[in-house]
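Here's the letter readout for the chains.
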Amino acid sequence: MRIFFLVEIFIMLFGSSVMNAQDVYLSIPENNIFNRTEFTSVPTRLMTNANRTNWDYTFFGFLPTAPTFTSTSGPTFTHSSSLFTLPSSVLLWQLESMGGQLPSTGLSGSLPGFQFFSTSSIKWFEPPSSSFGGGFSRGNINFTFKIPASQFTANAFRAGNYSMDITQNYNDFTPRNFKTILVISPSIRWVTTALTKYIEISSLNDYRSTSTRVWDLGNTEIAHTVDLNFWAKAANNTVQFTSSKGVPGSRNIASIKLGSNGSSLTTKALSANFQNFSTSNLNVVEGNRSSFIPELYVSADDFKNYFFEAGTYTFELNLNARSTDNSINSLQNTAVQLKVLPRSEITIPSSGRNVNFNFNTAGLYANGQTQVIPNQIILSNNESFELYVKSDENYFKKGGLQTNINSNILQIGIDGSSVNAPLSKTPQKILLDGTPVLDRQLSVKYTVSPADAQSLVGKENSTYSINVYYSFTAI
C-alpha cells in the first residue's frame, strides 16, 4: 500500500523598489521649499571607518593625501522620472564628525567651509602636513547638509528623487561609491488665504454701464511640487439673496462667471459641480509657486436684471488645486458677498419742468382742463416703493404772494392710472407697489376739473403758480 500526501508549496513574490542601503537620502521638508527657508540636516552618515586612525601620507609621514568627493554622474542632480535637473550648487555639505568628533587639524590642517559636489575632486578635510599632527577616531563619518534659502527661490523642486553619483578616494572608508539623493514629496499648499470677498455697489450708474462687471478675488498664490490644475465650483447652484427689508430670495449661480486677469484661467459660468478652469497645466516653476488673479464676471444685462435690487447677495466658492494625475489636492473656500445699497433717483427733464394751464375761453372754465406731460418723470429705485406728490404750500401764489386759490384744485396722477390725488402740502400717494426699476419713464396727468375750473371765474387775470414735488417712500 502506498500512502500519498499532497503538499502545496506557494511562492509569493512582492514587488518592491530597490534601495541601496549605502546611498544617502535627504528628505527636504515642504515647509523649507514653500517658505523658502534654509534647510539644514541633522548629522548624516556618508561613510564608515572601521580601521583607520590616520590619513595617508606619501613621503615619510609628510605630504598628506586629502580625502575628496567627486561627482561621476555630471554637474547636476538628475530627476528619477523626468529630464529635470537641479544644479549641484543647491546642496552644500561639510564634515561634522569622524567617530563622534572632528579630526585633529594639527598646526597646518583645516576644516573647509560648506561646499558643493563637483566633477572635480573636492577636499572635505585638509589634513595636517605631518602625520604627527593628529589623526581621527574610528566609526561613522558624518556630514551636515544645507540648502540655502536662495536656492529654493532660484530653482524648481519637483516631486521625486534627484540623485548624483559620488565617489571618494579612501579605500578604507566605505562605501567607496554612493548616491546622494534629494527626496521631494508631492505636495500642494495655498500660500494666500483670501477667505472672503466683499463687493459694494453704491451707485445706480453701475447699472447703466454696458460693460461687463469685473471683480477680482485678489492675488492667488499656490505653492506646489507637482504640476496642477485649478478647479472651482459654487457651494450651491443659487446665489442667496436677502433684500434690504429682510425678504429672502435667490439667483441662478450661472449668471456669474469665473476667469482670471491674464491667460491662466479660462472663463466659464459657475455651477455646483467642479470644473477645471486652467487654460493649461500650472507646472512646477522656479520658486515652486504659481500666482494669478481670479476674477468674477457678470454681463451688463445680467447685472441689471438679477443684481439690481437693494440687499445682500452671497455665495461660496470652493477652490481646489489638484495635481494633474489627481493623486493629491488642496482645497480652499472663499465666501463672496455683494452688497447693493438702497439707491433712488427722480429726474425731471428740463422740457417738463413747467406745466401751463391757460384759461382764456368760456369753454375752458366750463369744462376744465387736463394736461399730460409725456415722460415727465424718469425714476429709478432699487427697492419696492411708492411715489408721492405734494406742493410747497396749500395755496397758489401770485407775484410771490399767497392767494386764496387752493392747491387742491389741481389733481395729479400717472397717465394710465386711476389714482388722482388733489395737490396739497401733505404728500399724496400716486403710485402704489412700485417694484425695483431703473430709468422708468412716467407720463404725468394734471387735471383741473370742471367744478374747480368754474371756481376760478371772477379771479383776477394774472399768472398763478405753485411748486410740485415728487418723492419716494420705500415699502
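(A) Structural view of the sheet that holds strand 31 (residues 385-391). Pairing is antiparallel in the open sheet, where 3 strands are placed in the order 36-31-38. For this open sheet the edge positions go to strand 36 (428-434) and strand 38 (468-474), each flanked by a neighbour on one side alone. Going from strand to strand, the sheet's axes swing by 20° on average, the running direction of each strand aside. In this structure, strand 31 lies alongside strand 36, joined through 4 bridges in antiparallel fashion. Pairing of tyrosine 388 across the sheet is with lysine 429, part of strand 36.

(B) Representation of the environment of proline 127. Mapped onto the elements of the fold, proline 127 is located in the loop between strand 10 (122-123) and strand 11 (139-147). Residue proline 127 is classed as buried on the basis of its relative accessible area of 3%. Residues proline 127 and serine 110, spaced 17 residues apart in sequence, show a C-alpha to C-alpha distance of 6.7 Å.

(C) Inspection of the sheet that holds strand 26 (residues 294-298) at higher detail. With respect to topology, 4 strands assemble into an open sheet ordered 17-26-22-23, the strand pairing being antiparallel. With partners counted over all chains shown, the strands left at the sheet margins are strand 17 (213-216) and strand 23 (268-269), one partner each. Pairing of strand 17 with strand 26, which is carried by 4 bridges, proceeds in the antiparallel orientation. Its bridge partner being in strand 26, tryptophan 215 is matched across the sheet by leucine 296.

(D) Spotlight on the nonpolar core. The biggest cluster of nonpolar side chains holds 39 residues, and the ones touching the most others in it are Phe230, Ile256, Leu270, Leu296 and Phe315. Elements with a contribution of two residues or more to this core: strand 15 (188-190), strand 16 (196-201), strand 19 (228-234), strand 20 (238-243), strand 26, strand 27 (311-323) and strand 28 (329-340). Ranked by residue count, the leading element in this core is strand 27, at 5 residues. Counting 38 residues, the second-largest nonpolar core is a separate cluster that includes Leu46, Phe125, Ile147 and Tyr162.

(E) Focus on the confidence of the model for the chain. Per-residue confidence for the chain gives a mean pLDDT of 93; residues scoring 70 or more make up 95%. Here residues 1-19 scores under 50 on pLDDT; set against residues more than four positions off or in separate chains, the count is 1 contact.

(F) Structural context of the environment of isoleucine 475. Position of isoleucine 475 relative to the elements: it lies in the segment after strand 38. Given a relative accessible area of 39%, isoleucine 475 falls into the partly exposed group. C-alpha of isoleucine 475 to C-alpha of asparagine 329: the two residues are 146 residues apart in sequence and 49 Å apart in space. Other than its neighbours up to four places away in sequence, isoleucine 475 contacts Lys245, Ser384, Phe385, Glu386 and Asp433.

(G) Broad picture of unusual backbone geometry. Residue proline 175 follows threonine 174 across a cis peptide bond; omega there is 0°. Assignment of secondary structure puts proline 175 in the loop between strand 13 (173-174) and strand 14 (177-184). The phi torsion at asparagine 375 lies on the positive side, around 50°, for a residue other than glycine. Within the secondary structure, asparagine 375 is located in strand 30 (residues 369-381).

(H) Representation of the pairing of strand 31. Along strand 31, 6 of the 7 residues are buried, which leaves the element largely enclosed by surrounding structure. In terms of strand pairing, strand 31 meets strand 38 through 7 bridges, oriented antiparallel. Residue pairing in the sheet places leucine 387 in a bridge with phenylalanine 472 of strand 38.

(I) View of the packing of aromatic side chains. A complete count under the given rule lists 26 aromatic pairs for this structure. Both rings, one in phenylalanine 69 and one in tryptophan 93, keep their centres 5.3 Å apart while their planes meet at 80°; by these two values the pair is edge-to-face. A residue pair is termed long-range when its members are at least 10 positions apart, and phenylalanine 69 in strand 6 (residues 68-71) and tryptophan 93 in strand 9 (residues 92-98) qualify at 24 residues. According to the relative accessible area criterion, phenylalanine 69 is buried, its value standing at 1%.

(J) Fine view of the side chain of lysine 233. When you line up the elements, lysine 233 lands in strand 19. Of the buried charged residues, lysine 233 lacks a salt bridge, with glutamate 316 as the closest side chain of opposite charge at 7.1 Å. When neighbours within four sequence positions are excluded, lysine 233 is seen to be in contact with Ser271, Ala272, Asn273, Phe274, Glu316, Leu317 and Asn318.

(K) Up close: the pattern of salt bridges. Under the counting rule described, the total for this entry stands at 14 salt bridges. A salt bridge links arginine 208 to glutamate 345; its shortest N-O distance comes to 2.9 Å. Of this pair, arginine 208 sits in helix 3 (residues 205-208) while glutamate 345 sits in strand 29 (residues 344-347); the two residues are 137 residues apart in sequence, bridging distant segments of the chain. Take arginine 208: its relative accessible area is 30%, and that puts it in the partly exposed class. Between lysine 245 and glutamate 383 there is a salt bridge, and its shortest N-O distance comes to 3.7 Å. Residue lysine 245 is found in the loop between strand 20 and strand 21 (248-252), and its partner glutamate 383 is found in the loop between strand 30 and strand 31; the two are separated by 138 residues along the sequence. Lysine 245 sits in the partly exposed class, given a relative accessible area of 48%. Taking the relative accessible area as the measure of exposure, glutamate 383 reaches 12% and is therefore buried. Through salt bridges with shared partners, one network takes in Arg52, Asp56 and Asp172.

The rules behind these values
- Residues numbered from 1 in each chain as written.
- Predicted model: local features only at pLDDT ≥ 70, side-chain atom pairs only at ≥ 80, totals over all residues.
- Heavy atoms only, no water.
- Pairing = 2+ DSSP bridges.
- Helix = DSSP H or I, 4+ residues; strand = E, 2+ residues; numbered from the N terminus.
- Axes fitted to C-alpha atoms, helices over the stretch in contact; angles between N-to-C directions.
- Buried < 20%, exposed > 50% of the residue type's maximum accessible area, 1.4 Å probe, protein only.
- Core = buried A, V, L, I, M, F, W, Y, C linked by side-chain atoms within 4.5 Å.
- pLDDT = per-residue confidence, 0-100.
- Contact = heavy atoms within 4.5 Å.
- Phe/Tyr/Trp six-rings, centres within 6.5 Å; stacked < 30°, edge-to-face > 60°.
- Lys, Arg positive; Asp, Glu negative; His and termini not counted.
- Salt bridge = Lys/Arg side-chain N within 4 Å of Asp/Glu carboxyl O.

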